[in-house]
Amino acid sequence: MKIKSNRSNKLRSAIRWGLTVLCICGTGAPAVFAETLNIVTQSDYDTSTSNHGGYLYLYSGSSNNTVIIGQTGGGTVPVFSGATVVDGGYNTTSADASSNTLIINSGSKISSSTYGGAIGAFGGNTWYGNANNNTVSINGGMFEGSNCNIVGGYSQATGNANNNTVTINGGTINGTTNKAYIEGGQSGNQVNATANNNTITINGGTISNARIEGAESGYKLADRNAVTNNNTITIN
């Protein structure tokens, strides 16, 4: 993994972002029908049909989606409640969650709960498929909690996570009881899983008590022959 730092004193502390396995009941979304979801106001958040008990994702498809949260200058609106996870694309089957774009311009979630207070932003999130070519951009907002995760592409069980991008331009990210995790990609724990060519770029914002990783594969089990190559972290 390559790390480039142009202004290392800009961050309050360096971070490595870990992942929380999400448990959401249901059959999973089909991997078709690209859509755009805009959650700009508090009313949008409260009334959205894509709000599945605090988990925001497009049910009709897990790839080629665009999800936009908040607006420029929106501060802490919308305020998230419950265990809040936002997915550009989400699937509980073997379908891919790829080529999604997640943009967070504003919003807030502050949780002191160790369990049940998860805060997550995933470009692509799938249980058994691949999570490739997803993009997450954090431009503003305030997110603080004990399970705070930002990941470009996440395959929870048996897929790969390649060519994902996370860009942080602003906002506040703070891990409390547990460190926050920022990762370009994390692949599953199957043999020969790959998490390659993922990129994290930090241009601004306040990040504290966190871990930053370009990628993680196979949960780092030595017998899985996991591969992580050409992952890059750039701090400007």
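The preceding data block contains the structure.
Residues numbered from 1 in each chain as written. Predicted model: local features only at pLDDT ≥ 70, side-chain atom pairs only at ≥ 80, totals over all residues. Heavy atoms only, no water.

Right, let's get into the overall build of the protein. From N to C terminus, the protein includes one helix and 19 strands. Evaluated residue by residue, the protein yields a buried proportion of 56% over its 236 residues. Pairs at least 24 residues apart make up 84% of the contacts formed inside the protein by residues separated by at least 6 positions. Surface exposure of the protein reaches about 9,200 Å², of which carbon and sulfur atoms provide 49%. (Helix = DSSP H or I, 4+ residues; strand = E, 2+ residues; numbered from the N terminus. Buried < 20%, exposed > 50% of the residue type's maximum accessible area, 1.4 Å probe, protein only. Contact = heavy atoms within 4.5 Å. Areas by Shrake-Rupley, 256 points an atom, 1.4 Å probe, with all protein chains shown as cover.)

A word on the nonpolar core. Among the nonpolar cores identified, the biggest contains 30 residues, and I69, L102, I150 and I182 are the most heavily contacted of them. Leave out the neighbours within four places in its chain, and L102 touches V67, I69, V86, A121, F122, G123, T135, V136 and S137. Residues Y55, V85, F122 and V151 belong to the second largest nonpolar core, which totals seven residues. (Core = buried A, V, L, I, M, F, W, Y, C linked by side-chain atoms within 4.5 Å.)

So, about the packing of aromatic side chains. Per the stated rule, a full pass over the model turns up four aromatic pairs. Ring geometry for Y45 versus F80: centroids 5.2 Å apart, planes at 75°, classification edge-to-face. Of this pair, Y45 sits in helix α1 (residues 42–47) while F80 sits in the loop between β5 (66–69) and β6 (84–91), and the two are 35 residues apart along the sequence. Each member of the pair, Y45 as well as F80, is classed as buried. Note on F122 and Y154: the rings are 5.6 Å apart at their centroids and 20° apart in plane angle, and the pair reads as stacked. Of this pair, F122 sits in strand β9 (residues 119–126) while Y154 sits in strand β12 (residues 148–155), and the two are 32 residues apart along the sequence. With relative accessibility at 1%, the residue F122 sits in the buried group. Taken together, the ring pairs connect Y45, F80 and F143 into an aromatic cluster. (Phe/Tyr/Trp six-rings, centres within 6.5 Å; stacked < 30°, edge-to-face > 60°.)

Attention shifts here to the pairing of strand β10 (residues 135–138). Here strand β7 (residues 101–104) runs beside β10; their pairing, made up of four bridges, is parallel. The residue of β10 that forms the bridge with L102 is V136. Here four bridges tie β10 to strand β13 (residues 165–168), and the two strands are oriented parallel to one another. The partner of S137 across the bridge, within β13, is T167. (Pairing = 2+ DSSP bridges.)

With that settled, the discussion passes to the sheet that holds strand β3 (residues 51–52). Taken in spatial order, the seven strands of this open sheet run β3-β4-β6-β9-β12-β15-β18, and their pairing is mixed. Among the strands making up the open sheet, the edge pair consists of β3 and β18 (210–216). As paired strands, β3 and strand β4 (residues 55–56) are joined by two bridges and run antiparallel to one another. Each bridged residue has a counterpart across the sheet, and for N51 the counterpart in β4 is L56.

Turning next to the environment of T165. Mapped onto the fold, T165 is located in strand β13. A C-alpha to C-alpha distance of 8.1 Å links T165 and G185, two positions 20 residues apart in sequence. Apart from the residues lying within four places of it in its own chain, the contact partners of T165 are N134, T135, V136, G152 and T199.

A few words on the side chain of N164. In this fold, N164 is placed in the loop between β12 and β13. Of the polar contacts made by the side chain of N164, one reaches the backbone nitrogen of N134; its length is 2.8 Å. (Polar contact = N/O pair within 3.5 Å; in protein donor to acceptor, adjacent residues only side chain to side chain.)

The next point concerns the pairing of strand β16 (residues 199–202). Bridge count for β13 against β16 is four bridges, and the pairing is parallel. In the sheet register, I168 faces β16, and the bridge partner there is I202. Across four bridges, the pairing between β16 and strand β19 (residues 232–235) is parallel. For T199, the partnering residue across the bridge sits in β19 and is T232.

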